Amino acid sequence: MAALSPACRKEEPVVATPLPASPSVPEPYTYSNASPDGIGKFHHGREIAKVMGHPAIGWLERDDREKEEAPSKAIAALNLAPDAVIADIGAGSGYYSFRISPHVPRGKVVAVDIQPEMLDFLRAKSRELGIANVEPHLGAVDGVNLPAASLDAALMVDAYHEFSHPAEMLASLRHALKPGGTIYLLEFRGEDPEVPIKVLHKMTEAQARLEFEAAGFRFVSNSTTLPWQHLLVFRNP
Ligand SMILES: C[S@@+](CC[C@H](N)C(=O)[O-])C[C@H]1O[C@@H](n2cnc3c(N)ncnc32)[C@H](O)[C@@H]1O
(Lines give C-alpha, C1' and ligand atoms only; values in the text may rest on other atoms or scores of the structure.)
Protein backbone atom coordinates (compact mmCIF):
# COMPACT_ATOMS: atom_id res chain seq x y z
CA MET A 1 0.00 0.00 0.00
CA ALA A 2 1.24 3.48 -0.85
CA ALA A 3 2.33 5.79 1.94
CA LEU A 4 -0.45 7.79 3.54
CA SER A 5 -1.07 10.97 1.60
CA PRO A 6 -1.38 14.40 3.24
CA ALA A 7 -5.06 14.08 2.34
CA CYS A 8 -5.24 12.12 5.55
CA ARG A 9 -4.38 15.31 7.43
CA LYS A 10 -7.17 17.57 6.28
CA GLU A 11 -7.49 20.97 7.91
CA GLU A 12 -10.02 22.00 10.52
CA PRO A 13 -13.53 22.51 9.18
CA VAL A 14 -14.99 25.83 8.23
CA VAL A 15 -18.49 24.38 8.45
CA ALA A 16 -18.30 22.24 11.56
CA THR A 17 -21.89 22.29 12.78
CA PRO A 18 -24.75 20.78 10.84
CA LEU A 19 -27.13 23.58 9.90
CA PRO A 20 -30.91 23.15 9.79
CA ALA A 21 -32.31 22.25 6.40
CA SER A 22 -34.26 24.89 4.53
CA PRO A 23 -37.95 24.62 5.50
CA SER A 24 -38.88 24.40 1.81
CA VAL A 25 -36.88 21.17 1.36
CA PRO A 26 -38.00 17.96 3.10
CA GLU A 27 -35.34 16.97 5.64
CA PRO A 28 -33.24 14.38 3.77
CA TYR A 29 -30.67 13.86 6.51
CA THR A 30 -30.11 11.86 9.67
CA TYR A 31 -27.83 12.80 12.54
CA SER A 32 -25.60 10.83 14.89
CA ASN A 33 -22.35 11.23 16.81
CA ALA A 34 -19.67 12.72 14.58
CA SER A 35 -16.65 10.60 13.74
CA PRO A 36 -13.26 12.40 13.87
CA ASP A 37 -13.37 13.39 10.18
CA GLY A 38 -17.12 13.85 9.89
CA ILE A 39 -19.83 16.29 10.93
CA GLY A 40 -22.33 13.78 12.34
CA LYS A 41 -24.78 14.47 9.51
CA PHE A 42 -25.65 11.60 7.15
CA HIS A 43 -27.04 11.58 3.61
CA HIS A 44 -28.30 8.23 2.31
CA GLY A 45 -26.25 6.59 5.09
CA ARG A 46 -23.00 8.43 4.23
CA GLU A 47 -21.46 10.64 6.89
CA ILE A 48 -20.52 14.02 5.43
CA ALA A 49 -16.83 14.93 5.83
CA LYS A 50 -15.45 18.10 7.37
CA VAL A 51 -14.61 20.89 4.94
CA MET A 52 -10.97 21.35 3.99
CA GLY A 53 -9.91 24.83 5.10
CA HIS A 54 -8.03 27.30 2.91
CA PRO A 55 -4.71 26.80 4.81
CA ALA A 56 -4.51 23.54 2.84
CA ILE A 57 -4.08 25.36 -0.49
CA GLY A 58 -0.47 24.17 -0.59
CA TRP A 59 -1.66 20.58 -0.48
CA LEU A 60 -4.11 21.19 -3.33
CA GLU A 61 -1.27 22.65 -5.42
CA ARG A 62 1.23 19.87 -4.60
CA ASP A 63 3.61 18.71 -7.33
CA ASP A 64 2.80 15.00 -7.14
CA ARG A 65 -0.89 15.54 -7.95
CA GLU A 66 -0.34 14.70 -11.61
CA LYS A 67 1.12 11.33 -10.60
CA GLU A 68 -1.59 10.60 -8.01
CA GLU A 69 -4.65 11.89 -9.87
CA ALA A 70 -3.64 12.31 -13.54
CA PRO A 71 -5.68 15.54 -13.89
CA SER A 72 -4.54 16.02 -17.50
CA LYS A 73 -6.11 12.64 -18.35
CA ALA A 74 -9.29 13.50 -16.42
CA ILE A 75 -9.63 16.87 -18.17
CA ALA A 76 -9.06 15.30 -21.60
CA ALA A 77 -12.02 13.00 -20.88
CA LEU A 78 -14.41 15.90 -20.21
CA ASN A 79 -15.30 16.38 -23.85
CA LEU A 80 -15.93 20.15 -23.66
CA ALA A 81 -16.92 22.35 -26.59
CA PRO A 82 -14.65 25.42 -27.05
CA ASP A 83 -17.53 27.70 -26.04
CA ALA A 84 -18.72 25.62 -23.09
CA VAL A 85 -19.55 27.18 -19.73
CA ILE A 86 -18.50 24.81 -16.98
CA ALA A 87 -18.71 25.36 -13.22
CA ASP A 88 -15.96 23.92 -11.05
CA ILE A 89 -17.90 23.48 -7.80
CA GLY A 90 -15.67 23.47 -4.75
CA ALA A 91 -12.88 24.82 -6.92
CA GLY A 92 -10.50 25.49 -4.03
CA SER A 93 -7.27 26.98 -5.40
CA GLY A 94 -8.49 26.43 -8.97
CA TYR A 95 -6.09 23.58 -9.65
CA TYR A 96 -8.59 22.12 -12.13
CA SER A 97 -10.20 25.43 -13.20
CA PHE A 98 -6.94 26.83 -14.61
CA ARG A 99 -6.13 23.58 -16.39
CA ILE A 100 -9.62 23.46 -17.96
CA SER A 101 -9.64 27.10 -19.08
CA PRO A 102 -7.54 26.53 -22.27
CA HIS A 103 -10.07 23.88 -23.37
CA VAL A 104 -12.91 26.47 -23.39
CA PRO A 105 -11.26 29.45 -25.13
CA ARG A 106 -14.62 30.96 -26.15
CA GLY A 107 -16.39 29.83 -22.98
CA LYS A 108 -15.49 30.06 -19.31
CA VAL A 109 -14.94 28.22 -16.05
CA VAL A 110 -17.07 29.47 -13.18
CA ALA A 111 -14.97 28.62 -10.13
CA VAL A 112 -17.40 28.26 -7.22
CA ASP A 113 -16.35 28.03 -3.60
CA ILE A 114 -17.75 28.96 -0.18
CA GLN A 115 -14.43 30.23 1.21
CA PRO A 116 -13.65 33.84 0.20
CA GLU A 117 -9.94 33.09 0.76
CA MET A 118 -10.08 30.51 -2.03
CA LEU A 119 -11.65 33.12 -4.33
CA ASP A 120 -8.92 35.65 -3.43
CA PHE A 121 -6.31 33.04 -4.36
CA LEU A 122 -8.13 32.38 -7.66
CA ARG A 123 -8.21 36.09 -8.53
CA ALA A 124 -4.51 36.54 -7.79
CA LYS A 125 -3.63 33.46 -9.83
CA SER A 126 -5.76 34.62 -12.79
CA ARG A 127 -3.79 37.88 -12.81
CA GLU A 128 -0.45 36.06 -12.48
CA LEU A 129 -1.26 33.65 -15.33
CA GLY A 130 -3.04 36.25 -17.48
CA ILE A 131 -6.14 34.06 -17.68
CA ALA A 132 -9.41 35.87 -18.34
CA ASN A 133 -11.94 33.04 -18.52
CA VAL A 134 -11.84 31.73 -14.95
CA GLU A 135 -14.61 33.53 -13.05
CA PRO A 136 -14.49 33.24 -9.23
CA HIS A 137 -17.97 32.91 -7.75
CA LEU A 138 -19.03 32.80 -4.10
CA GLY A 139 -21.45 29.95 -3.50
CA ALA A 140 -23.40 29.08 -0.36
CA VAL A 141 -23.35 25.84 1.61
CA ASP A 142 -26.84 25.09 0.29
CA GLY A 143 -26.66 26.36 -3.28
CA VAL A 144 -24.42 27.46 -6.13
CA ASN A 145 -26.32 30.74 -6.62
CA LEU A 146 -26.09 30.64 -10.41
CA PRO A 147 -28.81 31.61 -12.92
CA ALA A 148 -31.17 29.01 -14.34
CA ALA A 149 -29.89 27.01 -17.32
CA SER A 150 -26.59 28.91 -17.38
CA LEU A 151 -24.21 25.92 -17.36
CA ASP A 152 -23.32 23.33 -19.97
CA ALA A 153 -21.50 21.26 -17.38
CA ALA A 154 -20.45 21.11 -13.75
CA LEU A 155 -17.37 19.46 -12.30
CA MET A 156 -16.74 18.47 -8.69
CA VAL A 157 -13.28 17.21 -7.78
CA ASP A 158 -12.66 15.84 -4.27
CA ALA A 159 -15.34 18.22 -3.02
CA TYR A 160 -18.87 16.74 -3.06
CA HIS A 161 -18.22 14.45 -0.06
CA GLU A 162 -17.74 17.54 2.12
CA PHE A 163 -20.82 19.50 1.03
CA SER A 164 -22.79 20.01 4.25
CA HIS A 165 -26.06 20.25 2.26
CA PRO A 166 -25.64 17.84 -0.66
CA ALA A 167 -29.34 17.51 -1.47
CA GLU A 168 -29.80 21.28 -1.68
CA MET A 169 -26.56 21.62 -3.68
CA LEU A 170 -27.75 19.05 -6.22
CA ALA A 171 -31.17 20.72 -6.46
CA SER A 172 -29.44 24.05 -7.17
CA LEU A 173 -27.28 22.37 -9.81
CA ARG A 174 -30.34 20.94 -11.55
CA HIS A 175 -31.61 24.52 -11.73
CA ALA A 176 -28.29 25.98 -12.98
CA LEU A 177 -27.56 23.30 -15.60
CA LYS A 178 -29.10 23.44 -19.04
CA PRO A 179 -31.42 20.55 -19.92
CA GLY A 180 -29.08 17.77 -21.03
CA GLY A 181 -26.18 19.39 -19.13
CA THR A 182 -23.50 17.15 -17.70
CA ILE A 183 -22.10 16.58 -14.22
CA TYR A 184 -18.58 15.21 -13.86
CA LEU A 185 -17.90 13.85 -10.39
CA LEU A 186 -14.37 12.94 -9.36
CA GLU A 187 -14.10 11.21 -6.01
CA PHE A 188 -11.45 8.94 -4.54
CA ARG A 189 -12.55 5.32 -4.96
CA GLY A 190 -14.23 4.11 -1.77
CA GLU A 191 -14.16 0.51 -2.95
CA ASP A 192 -10.37 0.45 -3.11
CA PRO A 193 -8.54 0.03 0.21
CA GLU A 194 -5.25 0.75 -1.60
CA VAL A 195 -6.27 4.38 -2.18
CA PRO A 196 -4.57 6.09 0.81
CA ILE A 197 -7.26 8.61 1.66
CA LYS A 198 -9.49 8.78 4.73
CA VAL A 199 -12.75 6.87 4.40
CA LEU A 200 -15.06 9.91 4.58
CA HIS A 201 -13.06 11.59 1.81
CA LYS A 202 -13.72 8.68 -0.57
CA MET A 203 -16.95 7.53 -2.22
CA THR A 204 -18.15 4.33 -3.86
CA GLU A 205 -19.85 4.37 -7.24
CA ALA A 206 -22.97 2.85 -5.66
CA GLN A 207 -23.19 5.65 -3.07
CA ALA A 208 -22.68 8.39 -5.65
CA ARG A 209 -25.36 6.88 -7.88
CA LEU A 210 -27.75 6.63 -4.95
CA GLU A 211 -27.38 10.32 -4.14
CA PHE A 212 -27.29 11.75 -7.66
CA GLU A 213 -30.12 9.57 -9.01
CA ALA A 214 -32.26 10.50 -5.97
CA ALA A 215 -31.64 14.14 -6.95
CA GLY A 216 -32.99 13.44 -10.45
CA PHE A 217 -29.76 13.04 -12.44
CA ARG A 218 -29.31 10.18 -14.89
CA PHE A 219 -26.20 8.03 -14.57
CA VAL A 220 -24.24 7.91 -17.84
CA SER A 221 -20.89 6.24 -17.13
CA ASN A 222 -18.00 5.70 -14.80
CA SER A 223 -14.37 5.53 -15.80
CA THR A 224 -11.90 3.99 -13.38
CA THR A 225 -8.87 4.63 -15.57
CA LEU A 226 -7.58 7.34 -13.22
CA PRO A 227 -5.03 6.21 -10.62
CA TRP A 228 -7.15 6.78 -7.50
CA GLN A 229 -10.49 8.32 -8.52
CA HIS A 230 -13.80 7.55 -10.10
CA LEU A 231 -14.78 9.80 -12.99
CA LEU A 232 -18.56 9.55 -12.85
CA VAL A 233 -20.75 11.20 -15.47
CA PHE A 234 -24.40 12.16 -14.82
CA ARG A 235 -26.84 14.01 -17.05
CA ASN A 236 -29.50 16.56 -16.23
CA PRO A 237 -32.63 15.16 -17.89
C1 LIG B 1 -10.84 19.34 -0.87
S2 LIG B 1 -11.12 20.91 -1.60
C3 LIG B 1 -10.94 20.48 -3.35
C4 LIG B 1 -10.61 21.67 -4.20
C5 LIG B 1 -10.49 21.41 -5.71
N6 LIG B 1 -11.70 20.86 -6.26
C7 LIG B 1 -9.31 20.54 -6.02
O8 LIG B 1 -9.52 19.36 -6.29
O9 LIG B 1 -8.20 21.03 -6.01
C10 LIG B 1 -12.89 21.09 -1.45
C11 LIG B 1 -13.40 22.50 -1.64
O12 LIG B 1 -14.83 22.47 -1.64
C13 LIG B 1 -15.29 23.67 -1.05
N14 LIG B 1 -16.69 23.49 -0.63
C15 LIG B 1 -17.19 22.83 0.43
N16 LIG B 1 -18.53 22.91 0.44
C17 LIG B 1 -18.90 23.63 -0.64
C18 LIG B 1 -20.14 24.04 -1.20
N19 LIG B 1 -21.31 23.73 -0.63
N20 LIG B 1 -20.12 24.77 -2.34
C21 LIG B 1 -18.95 25.10 -2.93
N22 LIG B 1 -17.75 24.74 -2.45
C23 LIG B 1 -17.72 24.01 -1.33
C24 LIG B 1 -14.32 23.91 0.08
O25 LIG B 1 -14.36 25.25 0.51
C26 LIG B 1 -12.99 23.49 -0.55
O27 LIG B 1 -12.35 24.58 -1.15
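See above for the structure.
Attention here is on the structure that accompanies the text. Quick caveat, the model's predicted, so the values are computed rather than measured. Note on numbering: residues in each chain are counted from 1, in written sequence order. Under the rules for a predicted model, residues below a pLDDT of 70 receive no local features and side-chain atom pairs below 80 are neither given nor counted, while totals for whole chains, interfaces and linings still include all residues.

## Remarks on the overall build of the protein
Strands are runs of DSSP state E lasting at least 2 residues, helices are runs of H or I lasting at least 4, and numbering of each runs from the N terminus. Of regular secondary structure, the protein possesses seven helices and 11 strands. Burial analysis of the protein (237 residues in total) assigns 42% to the buried set. By the convention adopted here, residues make contact when the C-beta atoms placed from their backbones lie within 7 Å. By sequence separation, contacts in the protein at least 24 residues apart represent 67% of the contacts at least 6 residues apart. Counting other C-beta atoms within 10 Å of its own, a residue is labelled buried from 20 upward, exposed at 12 or fewer, and partly exposed in the gap between, with every C-beta atom placed from the backbone.

## Here we look at the site of the ligand
Taken together, 23 residues are adjacent to the ligand, and Gly90, Gly92, Tyr95, Val157 and Ala159 come closest. If you list the elements that add at least two residues to the shell around the ligand, you get α4 (95-100) and β5 (108-113). Residues are sorted three ways: Asp, Glu, Lys and Arg are charged, Ala, Val, Leu, Ile, Met, Phe, Trp, Tyr, Cys and Pro are nonpolar, and all the rest, Gly among them, are polar. Looking at the shell around the ligand, its residues break down into 15 nonpolar, five polar and three charged. Defining nearness, a residue is near a molecule or strand when the C-beta atom obtained from its backbone falls within 6 Å of it.

## Notes on the environment of Arg99
Of note, Arg99 is situated in helix α4. Along the primary structure Arg99 and Ser72 are separated by 27 residues, whereas in three dimensions their C-alpha atoms are 7.8 Å apart. Those residues within four positions of Arg99 in sequence are excluded, and the remaining contacts are Pro71 and Ile75.

## Comments concerning helix α6 (residues 166-176)
Of the positions making up α6, those classed as buried are Pro166, Ala167, Glu168, Met169, Leu170, Leu173 and Ala176. Against the buried residues of α6 lie β2 (38-43), β7 (151-157), β8 (177-189) and α7 (205-214).

## Overview of the nonpolar core
Inside soluble globular proteins, nonpolar side chains tend to come together where they are buried. Each nonpolar core consists of buried Ala, Val, Leu, Ile, Met, Phe, Trp, Tyr and Cys residues. Their C-beta atoms, within 7 Å, join them into a set. Ile86, Ala87, Leu151, Ala154, Leu155, Met156 and Leu185 are the most contacted members of the largest nonpolar core, which has 50 residues in total. Apart from residues lying up to four places away in sequence, Met156 is in contact with Ile89, Gly90, Leu185 and Leu186.

## A look at the sheet that holds strand β3 (residues 46-49)
Here, a strand pair is defined by DSSP locating no fewer than two bridges between the strands. Strand order in this open sheet of three strands is β1-β2-β3, and the pairing throughout is antiparallel. Bordering the open sheet on either side are β1 (29-31) and β3, each of which pairs with just one other strand. In this sheet, adjacent strand axes meet at a mean angle of 40° when their direction is disregarded. With three bridges connecting them, β2 and β3 associate as antiparallel partners. Across the sheet, residue His43 finds its bridge partner in β3, namely Arg46. Interaxial angles span 0 to 180 degrees and are taken between N-to-C directions of axes, which are lines fitted to C-alpha atoms, for helices over the stretch in contact.

## Remarks on the pairing of β7
Side-chain positions along a regular strand alternate between the two faces of the sheet. β7 sits mainly inside the fold: six of its seven residues count as buried. Relative to β7, strand β4 (residues 85-89) runs parallel, the two sharing three bridges. Bridging from a neighbouring strand, Ala87 pairs with Ala154 of β7. The pairing of β7 with β8 spans six bridges and is classified as parallel. Residue pairing for β8: Met156 is matched across the bridge by Leu185.

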